[in-house]
There are 2 protein chains.
Amino acid sequence: MIVAVDAMGGDYAPQEIVKGAIDAARGDGIEIILVGPEEAIRSEVELYDISNLAIHMVNSDEAVREGESPVAALSHQPDASVFVATRLVKEGEADAVISMGSTGATMVSAIAILGKFDGIRRPVMGGSIPRFVTNTMVFDLGGNVDCKPRELLNFAVIGSVVVRKMLHISNPTVALLSNGAEEGKGNKNVKDAYRVFKESDLNFIGNIEGHDIPAGKANVIICDGFVGNILLKFCEGLGDSIEEWLRHKLDKNLTQSEIDTITSELYTATHISDVDGGGIIYGVDGIALVGHGRSTAPLVAGAIRHVKRAVDANLLETLKSELTKIQGLEE
Amino acid sequence: MIVAVDAMGGDYAPQEIVKGAIDAARGDGIEIILVGPEEAIRSEVELYDISNLAIHMVNSDEAVREGESPVAALSHQPDASVFVATRLVKEGEADAVISMGSTGATMVSAIAILGKFDGIRRPVMGGSIPRFVTNTMVFDLGGNVDCKPRELLNFAVIGSVVVRKMLHISNPTVALLSNGAEEGKGNKNVKDAYRVFKESDLNFIGNIEGHDIPAGKANVIICDGFVGNILLKFCEGLGDSIEEWLRHKLDKNLTQSEIDTITSELYTATHISDVDGGGIIYGVDGIALVGHGRSTAPLVAGAIRHVKRAVDANLLETLKSELTKIQGLEE
């Protein structure tokens, strides 16, 4: 199991990226390829004792420059660290790639270099919001706005495979997120998608509402990335508000350390992108993870472990074969 | 100050409605007109000592029948309690109307009987989610799906007046809820609305993201009712999840009564429609409140106090004059 790590991507690159990668190599026996300008990476790596660890280095340019359009960067700066790291997966030198750099650049890199699966129009991201619920994932959390019903169907097919392989649920239920449970509730797009979902082979249970997400009423919950992004961030913001209120409420009854334990658990449950170290991009022909720019070493190590689980679960091959099966449904 | 109360609407009508109305009359010196079949109402009222209270009764048919289309009901059952109660406002016999019955029927009643303000295409509802934030209201929470940019602008104009009069903020900031803060972020509709908002006289500060809602980053936050409904209910569901987790966490450290106090405060903060007793329908020519079907007497009394605040703030006249001013902006 080899993970290519974009050592130059992220607010704390290369220091925290290198540290997190070495921690993952040490703790989980994962083979790591650090990608970045050789000098810069070597001087970071030399701070640690890496004897007995499988840490390699591959030379590259710096990260994609701030403010550069990711698509333009691919032609202007083809040897930027994220592109070189992604090519290692394409060429079979690594099983997965992670980057804590620009989300756009990682997404473009995954799509352009790894390629989308046949029939997939737009890759999708997903997660459990909040983390209290362990049998549900919401897709798309990746910012795909203005999705057509067929694209939502793609998300649902991918989501069903991901939930089956990653959450070990054998025949996951699928629902559309709407403003009412009955058929016929929703905006135009959800109503159209309802008809498409009903005709599919998915284990479709209809519409669910906002309160059904934390209740885990469906295993795979589908919305477009506009709604998904707002929900993801609202969950974070609400977690912060409740944490602040809770600190004040518990101030007289509990010790500071007891309060810290409780609030840190609340933080973990409500800030899913911080904690996972990021999200896997589903629908491209390779395992690629977009990390959080603010990631420190523990999150980098978490991200590496996260892609390891996907590789161990044989997620990619399963997705490929499932998506081939539903080609007939595609327009 | 006279409130017409649909005594037959709601899961616990007429018992809890009558009880709540009498409580409001007693506690807040509000004059009440109970609307419903005379026999049924009278036998409820007789359970209480209402000497010195201004409680009147107006005879009507039963509530709109379950499953009946609200628009059809208006012609088949014109003397249903909600319609009769709303007509009291239209005819100047009452200052406001509340109903805990079918949302659709109350909405149709308000639009058809009170009439929409000139230039208003769709009435709007709003509220603070969560209630921790006291300087922000989100519009629309009333289920207006597939809103055009001009409709979102209407919501923002109405929202600005509501926040000014009800939250006492003199020049409220207005923002569009989107999946990114920068101009150009959003789905097609939000991008189009951004241009319309920029040209308006609103105190428009641009896009905000999901986590900015509980942070109170803008005073008036605009989204369509599809997103608003999902957020409102997600907030409730997340509140429930966190409450359950918190009960478990605090079990060993606090007494049951201390835990109950904390969780009940959390419930209040996250279940805004339960607690207000409902929401005022803004954009119709009269004060009308849609209550929660599950409302018990305290929520009914709360709803009555809520419309009293709107009447006291002279909300309707201000809305009318502000909306007249912006007619020029309308297509």
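Residues numbered from 1 in each chain as written. Chains lettered and ligands numbered in written order. Predicted model: local features only at pLDDT ≥ 70, side-chain atom pairs only at ≥ 80, totals over all residues. Heavy atoms only, no water.

Engineer: Can you walk me through the overall build of chain A in this structure?
Structural biologist: Each helix and strand counted, chain A has twelve helices and eleven strands in total. For 331 residues, the compact-globule estimate of 2.2 N^0.38 gives 20 Å, and chain A sits close to it at 20 Å. With respect to the three principal axes, the spread of C-alpha positions in chain A is 60 × 60 × 35 Å. Expressed as a percentage of the 331 residues in chain A, the buried residues total 59%. Of the contacts made within chain A by residues no fewer than 6 positions apart, 70% connect residues no fewer than 24 positions apart. Carbon and sulfur atoms make up 47% of the accessible area of chain A, which totals about 12900 Å². A gap of 7 Å separates the mean positions of the 30 positive and 47 negative side-chain charges of chain A. (Helix = DSSP H or I, 4+ residues; strand = E, 2+ residues; numbered from the N terminus. Rg over C-alpha atoms; globule rule 2.2 N^0.38 Å. Buried < 20%, exposed > 50% of the residue type's maximum accessible area, 1.4 Å probe, protein only. Contact = heavy atoms within 4.5 Å. Areas by Shrake-Rupley, 256 points an atom, 1.4 Å probe, with all protein chains shown as cover. Lys, Arg positive; Asp, Glu negative; His and termini not counted. Charge placed at Lys NZ, Arg CZ, Asp CG, Glu CD.)

Engineer: Help me out: how do you make sense of the pairing of strand 7 (residues 174–177) of chain B in this one?
Structural biologist: Side chains on a regular strand alternate between the two faces of the sheet. All names here are of chain B. Side chains Val174 and Leu176 of strand 7 all project onto a buried face; the interleaved residues Ala175 and Leu177 project onto the opposite face, where all are buried too. Relative to strand 8 (residues 204–208), strand 7 is paired through three bridges, and the arrangement is parallel. If you follow Val174 over to strand 8, its bridge partner there is Phe204. This β-α-β element, strand 7 to helix 7 (residues 188–199) to strand 8, shows right-handed connectivity. In this structure, strand 7 lies alongside strand 9 (residues 220–222), joined through three bridges in parallel fashion. Bridging from a neighbouring strand, Val174 pairs with Val220 of strand 9. (Pairing = 2+ DSSP bridges. Right-handed = clockwise from strand over helix to strand, strands pointing away.)

Engineer: Help me understand the pattern of salt bridges, please; the structure alone is not making it clear to me.
Structural biologist: Side chains that carry opposite charge are capable of pairing whenever their charged atoms lie near each other. Summed over all chains, the structure comprises 34 salt bridges over all chains. Here B:Lys249 ties to A:Glu265 by a salt bridge, and the two come within 2.9 Å at their closest N and O atoms. Separated into two different chains, B:Lys249 in helix 8 (residues 225–250) and A:Glu265 in helix 9 (residues 256–270) make up a pair that spans both. Owing to a relative accessible area of 31%, A:Glu265 belongs among the partly exposed residues under this scheme. Measuring nitrogen to oxygen at the nearest pair gives 4.0 Å for the salt bridge that ties B:Asp212 to B:Lys217. Note on B:Asp212: relative accessible area 6%, which makes it buried. (Salt bridge = Lys/Arg side-chain N within 4 Å of Asp/Glu carboxyl O.)

Engineer: Whenever I open this one, the environment of A:Arg195 confuses me. Can you help?
Structural biologist: Residues and elements named next belong to chain A. In this structure, Arg195 sits in helix 7 (residues 188–199). Spatially, the C-alpha atoms of Arg195 and Glu209 are 18 Å apart, while their sequence positions differ by 14 residues. Within polar-contact distance, the side chain of Arg195 engages the side chain of Asp192 at 2.5 Å. (Polar contact = N/O pair within 3.5 Å; in protein donor to acceptor, adjacent residues only side chain to side chain.)

Engineer: Any chance you could explain the relation of the copies chain B and chain A here in plain terms?
Structural biologist: You can overlay chain B on chain A at an RMSD of 0.0 Å; the transform is a turn of 180° with a shift of 0.0 Å along its axis. Interpreted geometrically, this transformation is the action of a two-fold axis. (Least-squares fit on C-alpha atoms with pLDDT ≥ 70 in both.)

Engineer: What's the story with the packing of aromatic side chains in this structure? I'm lost.
Structural biologist: Two measures describe an aromatic ring pair: the distance that separates the ring centres and the angle between the ring planes. What the rule picks out here adds up to nine aromatic pairs over all chains. Linked through ring pairs, A:Tyr194, A:Phe197 and A:Phe204 together constitute an aromatic cluster. (Phe/Tyr/Trp six-rings, centres within 6.5 Å; stacked < 30°, edge-to-face > 60°.)

Engineer: Sorry if this is basic, but what is going on with the packing of helix 4 (residues 81–90) of chain B against helix 5 (residues 103–114) of chain B here?
Structural biologist: The angle between the axes and the distance between the axes are what describe a pair of packed helices. Residue and element names in this part refer to chain B. Packing of helix 4 against helix 5 leaves a shortest axis separation of 9 Å and a crossing angle of 35°. Handedness of the crossing formed by helix 4 with helix 5: right-handed. Judged by residue contacts, Val82, Phe83, Thr86, Arg87, Val89 and Lys90 of helix 4 engage Ala105, Thr106, Ser109, Ala110, Ile113 and Leu114 from helix 5. Grouping the amino acids of the contact of helix 4 with helix 5 by side-chain chemistry returns seven nonpolar, three polar and two charged. (Axes fitted to C-alpha atoms, helices over the stretch in contact; angles between N-to-C directions. Left-handed = near helix turned anticlockwise from the far one by under 90°. Nonpolar A, V, L, I, M, F, W, Y, C, P; charged D, E, K, R; others polar.)

Engineer: Is there a simple way to think about the interface of chain B and chain A in this case?
Structural biologist: When the parts of a complex come together, some accessible area is lost, and that lost area is often taken as the interface size. At the junction of the two partners, chain B supplies 41 residues and chain A supplies 41 residues. Taken together, both faces of the contact between chain B and chain A bury some 3900 Å²; the carbon and sulfur share is 74%. Looking only at chain B, the three residues that lose the most surface to chain A are B:Phe226, B:Phe234 and B:Trp245, adding up to 18% of its buried area. Across the chain B-chain A interface, the total number found is ten residue pairs in polar contact (both at pLDDT 80 or more). For the side of chain B that touches chain A, the elements supplying multiple residues, two or more each, are helix 7, helix 8 and helix 9 (256–270) of chain B. Looking at which element gives the most residues to the side of chain B that touches chain A, the answer is helix 8 of chain B, with 16 residues. Taken together, the residues of the side of chain B that touches chain A sort by class into 22 nonpolar, twelve polar and seven charged. (Buried area = accessible area lost by both parts, 1.4 Å probe.)

Engineer: Looking at this structure, I do not really get the sheet that holds strand 9 (residues 220–222) of chain A. What am I missing?
Structural biologist: All names here are of chain A. Here we have five strands laid out as an open sheet, ordered 5-6-9-7-8, and mixed in their pairing. Every other strand in the sheet has two partners, leaving strand 5 (126–127) and strand 8 (204–208) as the edge strands with one partner each. Summarising the sheet, strand 6 (residues 137–139) and strand 9 pair through three bridges and their orientation is parallel. Along strand 9, the bridge assignment pairs Val138 with Ile221. Taken strand by strand, helix 6 (residues 149–166) contacts strand 6, strand 7 (174–177) and strand 9, and its axis lies near 160° from that of strand 9.

Engineer: Can you help me understand the confidence of the model for chain A in this one?
Structural biologist: A low pLDDT means the predicted coordinates there should not be read in detail. Of the residues in chain A, 97% reach a pLDDT of 70 or more, and the chain-wide mean stands at 93. Across the interface, the model reports ipTM at 0.92; the global pTM reads 0.92. (pLDDT = per-residue confidence, 0-100.)

Engineer: Help me out: how do you make sense of unusual backbone geometry in this one?
Structural biologist: Outside of glycine, negative phi angles account for most residues, and trans bonds account for most peptide bonds. For the bond from B:Ala13 to B:Pro14, the omega torsion is -5°, close enough to zero to count as cis. Mapped onto the fold, B:Pro14 is located in the loop between strand 1 (2–6) and helix 1 (15–28). In this model, B:Ile129 is joined to B:Pro130 through a cis peptide bond whose omega is -10°. Here A:Asn314, not a glycine, exhibits a phi torsion of approximately 60°, which is positive. A relative accessible area of 42% means that A:Asn314 is categorised as partly exposed. With a phi close to 50°, B:Asp146 is a non-glycine residue in the positive phi region. Topologically, B:Asp146 is positioned in the loop between strand 6 (137–139) and helix 6 (149–166).

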